2 protein chains.
Amino acid sequence: MKISNDSQTLTAQQLLEHWQGHRSLTRRVIEAFPDDKLFTHSVGGMRPFAELALEMLGMTTPTMEGVVTRTWPTYSPAEKPDSKQGLLAMWDKATVELNALWPQIPEGRFQEDDKAFGMWAGKVHWILLYIIDNEIHHRGQGYVYLRSLGIEPPHFWER
Amino acid sequence: MKISNDSQTLTAQQLLEHWQGHRSLTRRVIEAFPDDKLFTHSVGGMRPFAELALEMLGMTTPTMEGVVTRTWPTYSPAEKPDSKQGLLAMWDKATVELNALWPQIPEGRFQEDDKAFGMWAGKVHWILLYIIDNEIHHRGQGYVYLRSLGIEPPHFWER
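Residues numbered from 1 in each chain as written. Chains lettered and ligands numbered in written order. Predicted model: local features only at pLDDT ≥ 70, side-chain atom pairs only at ≥ 80, totals over all residues.

Some details on the overall build of chain A
Then comes step 1: Helix and strand counts for chain A stand at five helices and three strands.
Then comes step 2: A compact globule built from 159 residues should have a C-alpha radius of gyration of about 15 Å, and chain A, at 17 Å, falls within 12% of that.
Then comes step 3: By the burial criterion, 35% of the 159 residues in chain A qualify as buried.
Then comes step 4: In chain A, once contacts between residues fewer than 6 apart in sequence are set aside, the share between residues at least 24 apart is 68%. (Helix = DSSP H or I, 4+ residues; strand = E, 2+ residues; numbered from the N terminus. Rg over C-alpha atoms; globule rule 2.2 N^0.38 Å. Buried ≥ 20, exposed ≤ 12 C-beta atoms within 10 Å, placed from the backbone. Contact = placed C-beta atoms within 7 Å.)

Next comes the structure, spelled out in structure tokens:
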């Protein structure tokens, strides 16, 4: 017997592990930057990696709040910390918040239509994948920044 | 009622659309490169974007064959074409192959354990997400290459 269009692919717990696995890798990319370069280095006029990480942080917990409560805040990047250690502490706080909010998602919610931050319309599973993919996309940029600094990035397959 | 660990997130058809949506964006990134730069330009000693795209192509149809048949070939990147048009033709061929192979996936297969290309062990849904994420990751590098050439990449949110 073959799959149908409606066959299921991965569970809620597997999607959470997928996201946190990527977040764990992104944390190691943040760590791999020298303290100053994290906030200043860029290629091709793009944003430094700290700004990309602050975009991710501005989306992580706020997205989960929107998914859980069906009420969305306005999007804004997280506030800039004054050091790499400060950024890592913000990252770890979001990790705990994500784990705490995840089990509060209402049953059936992944297939509901919604508009993330009042702007991006799609089903809730699509919104969550969008946030995860956005992180992978920007982290790929971070790999180029690191290489251009002569720094070996963490392995992509380690989560 | 809240979700449980086993709640379902997205269907087979939605996962296919997710993948093909990303592939459509990657195709536009290939198109955005000038013909020569596609095969030669790099930042930080990394591979030119054509080589990254050939890695993706070496994974797309072969992964689907492994998922459908449970028999894996050895991994190798796709053979280098002699032009951007040649690469785009290979991309379009894989698009058709992916659509044709997808409905042949055996029911229940997304939760089976397997070893992609005899090397990467995980459940089949994890293997598929890995291949998709690998494309997003390398395409993010392509965005930096384009910016460093002064070229505006396609919007990340357009699929």
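Notes on the interface of chain A and chain B
How large an interface is tends to be reported as the accessible area lost when its parts come together.
Then comes step 1: At the junction of the two partners, chain A supplies 40 residues and chain B supplies 40 residues.
Then comes step 2: For the side of chain A that touches chain B, the secondary-structure elements that each account for two or more residues are strand S1 (8-11), helix H1 (12-32) and helix H5 (124-148) of chain A.
Then comes step 3: The element that contributes the greatest number of residues to the side of chain A that touches chain B is H5(A), accounting for 14 residues.
Then comes step 4: A per-class count over the side of chain A that touches chain B returns 16 nonpolar, 18 polar and six charged.
Then comes step 5: Note that S1(A) and strand S1 (residues 8-11) of chain B share three bridges and pair antiparallel. By the bridge assignment, A:Leu10 is partnered in S1(B) with B:Leu10. (Nonpolar A, V, L, I, M, F, W, Y, C, P; charged D, E, K, R; others polar. Pairing = 2+ DSSP bridges.)

A short note on the relation of the copies chain A and chain B
Then comes step 1: The two copies are related by a screw operation: chain A maps onto chain B through 180 degrees of rotation and 0.0 Å of translation along the axis, at an RMSD of 0.0 Å. Such a combination of rotation and displacement between the chain copies is what one expects of a two-fold axis. (Least-squares fit on C-alpha atoms with pLDDT ≥ 70 in both.)

What about unusual backbone geometry?
All names here are of chain A.
Then comes step 1: The phi torsion at Phe-117 lies on the positive side, around 55 degrees, for a residue other than glycine.
Then comes step 2: As for its placement among the helices and strands, Phe-117 is situated in the loop between strand S2 (113-116) and strand S3 (120-123).
Then comes step 3: By the C-beta count within 10 Å, which is 16 here, Phe-117 ends up partly exposed.

Thoughts on helix H1 (residues 12-32) of chain B
Then comes step 1: Here H1(B) contains 21 residues, and its C-alpha end-to-end distance of 31 Å stays within 8% of the 30 Å for a straight helix at 1.5 Å per residue.
Then comes step 2: Within H1(B) the residues assigned to the buried category are B:Ala12, B:Leu15, B:His18, B:His22, B:Arg23, B:Leu25, B:Thr26 and B:Val29. Projected down its long axis, H1(B) carries its buried residues within an arc of 160 degrees, all on one side.
Then comes step 3: In this fold, the buried residues of H1(B) make contact with S1 and H5 of chain A together with S1, helix H3 (49-69), helix H4 (84-101) and helix H5 (124-148) of chain B. (Expected span 1.5 Å × (residues − 1). Arc of directions from axis to C-beta.)

Regarding the confidence of the model for chain A
A low pLDDT score tells you not to read the predicted coordinates there in detail.
Then comes step 1: On average, residues of chain A score 97 in pLDDT, and 100% of them are at 70 or above.
Then comes step 2: Prediction confidence for the complex, expressed as pTM and ipTM, is 0.97 and 0.96 respectively. (pLDDT = per-residue confidence, 0-100.)

Concerning H3(B)
Then comes step 1: Over its 21 residues, H3(B) extends 30 Å from the first C-alpha to the last, a length consistent with the 30 Å expected when each residue adds 1.5 Å.
Then comes step 2: Just downstream of H3(B) lies B:Arg70, where phi reads positive at about 65 degrees.

Considerations on the nonpolar core
Then comes step 1: One finds A:Phe49, A:Ala50, A:Ala53, B:Phe49, B:Ala50 and B:Ala53 to be the most contacted residues of the largest nonpolar core, which totals 33 residues.
Then comes step 2: At the level of elements, helix H3 (49-69), helix H4 (84-101) and H5 of chain A together with H3, H4 and H5 of chain B are the ones that each hand at least two residues to this core.
Then comes step 3: Aside from chain neighbours lying at most four places away, what touches A:Phe49 is A:Phe33, A:Leu38, A:Gly142 and A:Tyr145. (Core = buried A, V, L, I, M, F, W, Y, C linked by C-beta atoms within 7 Å.)

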